[in-house]
Amino acid sequence: MRQYNASKKVLVTGGAGFLGSHLCDRLIEQGHDVLCVDNFFTGTKRNIEHLLDHPRFELMRHDVTFPLYVEVDEIFNLACPASPIHYQHDPVQTTKTSVHGAINMLGLAKRVRAKILQASTSEVYGDPEIHPQVEAYWGRVNPIGIRSCYDEGKRCAETLFFDYYRQHKLRIKVVRIFNTYGPRMHMNDGRVVSNFIVQALKGEDITIYGDGQQTRSFCYVDDLVEAMLRMMDTGDEVPGPINIGNPGEFSMLELANKVIELTGSKSQLMRMPLPADDPKQRRPDITLARQELGGWEPKTQLEEGLKKTIAYFDKALSETTAG
Ligand code: NAD
Ligand code: UDP
């Protein structure tokens, strides 16, 4: 476990989002001062409301496409909508968030000589021909499609990180996150795990896009956060990129059936058109993560993680109904 002798000032952009809020929790637990920056596009104060009165936690409403002047030791750059329906809602803003956001946060890191981690994504591999995906694979990404604002935005952010590393000797860390799920995912964010669980709990049809044979590998949020913290603590010779994810690979049909089984739902499967450029398969090769992150290994397997996530949505839905 990550231990500090001295507390650090840590900036988390996108800190009120799904992953960011869990990261803030862990950083506070470890004794750091946390500055959470968010424009609340997809994040919500509810995700961090338990931290608002904490003396070492500070929340700032700010859009990372504008410069930020603060004094910090480390930056976790997570600000960016992650679900296709949210990042496609305002694609120009999505690219700006990735690219201008990266420029602003890298500029800040350069000024205060902070270490900076970028939450990149398996989407940099696009619809991959190499399976499982290794970091050395350059990807197969459509530059002009509906997913491009996110995929190319994240690719350009990686480019900027590595140019600041080479040109300004900045201490950078790039992690490529594969589909991650867990409590505090946005109830209506359209990602597959939240969609299926909410549909199953409400007894609605489960929406299978395409034939449901496409695969994803699902990582539970706690495993992901542990890996990000370990990555930040690696030596300067480890800039990344490093894949983080759980190599267990499932088709969307398998996921739907698992969710129905675990919720005991009577929901039926309903076929919907496959969105454009939807990757057919995705599984991380995590050899590098195991090697560089002190034997890190995802600990929570799908069934256990789904049970915790179902319990979260069950409670959230009953509160919505009661309210
Ligand atoms: P999320 O949508 O819950 O969180 C993103 C947060 O960023 C939200 O709180 C949102 O309000 C904030 N944000 C968006 N634009 C902003 C802006 N311009 N300025 C300030 N804040 C802004 O999504 P998440 O799943 O928590 O993803 C967090 C990060 O991890 C994202 O960068 C995403 O690309 C990356 N990632 C996530 C996954 C995953 O499966 N969850 C996979 C790959 C990469
Ligand atoms: N998907 C689905 N039904 C849904 C939502 C998503 O079948 O209600 C599919 C989607 O087409 C994709 C996979 O699930 O193949 C994962 O989608 P998600 O949006 O969660 O993540 P991404 O495509 O970015 O990996």
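Residues numbered from 1 in each chain as written. Chains lettered and ligands numbered in written order. Predicted model: local features only at pLDDT ≥ 70, side-chain atom pairs only at ≥ 80, totals over all residues. Heavy atoms only, no water.

A. The packing of aromatic side chains, seen in detail. The full count for this structure, using the stated rule, is seven aromatic pairs. A centroid spacing of 6.1 Å and a plane angle of 40° characterise the contact between Y125 and F178, whose relative ring orientation is tilted. Linking Y125 in the loop between β5 (115–121) and α4 (148–168) with F178 in the loop between β6 (172–177) and β7 (180–181), this pair joins segments that are 53 residues apart in sequence. On the basis of relative accessibility, which here comes to 1%, the residue Y125 falls in the buried class. Residue classification places F178 among the buried residues on the basis of a relative accessible area of 1%. (Phe/Tyr/Trp six-rings, centres within 6.5 Å; stacked < 30°, edge-to-face > 60°. Helix = DSSP H or I, 4+ residues; strand = E, 2+ residues; numbered from the N terminus. Buried < 20%, exposed > 50% of the residue type's maximum accessible area, 1.4 Å probe, protein only.)

B. Spatial organisation of unusual backbone geometry. In this structure, P132 follows H131 across a cis peptide bond, with omega equal to -10°. Along the chain, P132 turns up in the loop between β5 and α4. The amide bond that connects G240 to the next residue, P241, takes the cis arrangement and shows omega of 0°. Looking at where P241 falls in the secondary structure, it is placed in the loop between α6 (221–232) and β11 (242–244). With a phi angle near 55°, R113 is a residue other than glycine that sits in the positive phi range. On the accessibility criterion, R113 (43% relative accessible area) is partly exposed. Positive phi, close to 60°, is recorded for D277, a residue that is not glycine. Counting through the fold element by element, D277 comes out in the loop between β13 (269–272) and α8 (287–292).

C. Looking closely at the sheet that holds strand β4 (residues 74–77). The strand order across the open sheet formed by seven strands is β3-β2-β1-β4-β5-β6-β11, and the pairing between neighbours is parallel. Because the sheet does not close on itself, it has two edges, and the strands there are β3 (57–61) and β11. Here the average twist between neighbouring strands, direction ignored, is 20°. Of the strands in this sheet, β1 (9–13), β4 and β5 are in contact with helix α3 (residues 91–112), which crosses β4 at around 170°. Across the sheet, α4 touches β5 and β6, and the angle it forms with β5 is around 155°. (Pairing = 2+ DSSP bridges. Axes fitted to C-alpha atoms, helices over the stretch in contact; angles between N-to-C directions. Contact = heavy atoms within 4.5 Å.)

D. Representation of the site of ligand 1 within the structure. Within the structure, ligand 1 sits among 30 residues, and L19, D38, T42, Y150 and T180 are positioned closest to it. G17 has a polar backbone atom sitting 3.0 Å from an oxygen atom of ligand 1. With respect to ligand 1, the backbone of T180 contributes an N or O atom lying 2.7 Å from an oxygen atom. Within the complex, 97% of the 820 Å² of free accessible area of ligand 1 lies under protein. The set of elements that each furnish at least two residues to the shell around ligand 1 consists of α1 (18–29), α3, β5 and α4. Here the shell around ligand 1 takes three residues from β5, the largest share from any one element. Grouping the amino acids of the shell around ligand 1 by side-chain chemistry returns 14 nonpolar, twelve polar and four charged. (Near = heavy atom within 4 Å. Polar contact = N/O pair within 3.5 Å; in protein donor to acceptor, adjacent residues only side chain to side chain. Areas by Shrake-Rupley, 256 points an atom, 1.4 Å probe, with all protein chains shown as cover. Nonpolar A, V, L, I, M, F, W, Y, C, P; charged D, E, K, R; others polar.)

E. Highlighting the side chain of D127. Summarising the element assignment, D127 is placed in the loop between β5 and α4. Classification of D127 by relative accessible area gives buried; the value is 14%. Contacts of D127, omitting those with residues within four sequence positions, involve R140, D278, P279 and K280.

F. The environment of N243, seen in detail. Turning to its location among the elements, N243 is positioned in strand β11. Judged by its relative accessible area of 0%, N243 falls in the buried class. A polar contact is formed between the side chain of N243 and the backbone oxygen of Q133, at a distance of 3.0 Å. At a separation of 3.1 Å, a polar atom in the side chain of N243 contacts the main-chain carbonyl oxygen of D285.

G. Representation of α3. With 22 residues, α3 ought to run about 32 Å at 1.5 Å a step, and its terminal C-alpha atoms sit 31 Å apart, in line with that. Of all the bends in α3, the largest measures some 25° and sits at T97. Residues of α3 that are buried: T94, T97, S98, V99, G101, A102, N104, M105, L106, L108, A109 and V112. At the exit of α3 stands R113, carrying a positive phi of roughly 55°. (Expected span 1.5 Å × (residues − 1). Bend = angle between axes of the 7 residues up to and from the residue.)

Scope: geometric values only; no functional claims are made or implied.
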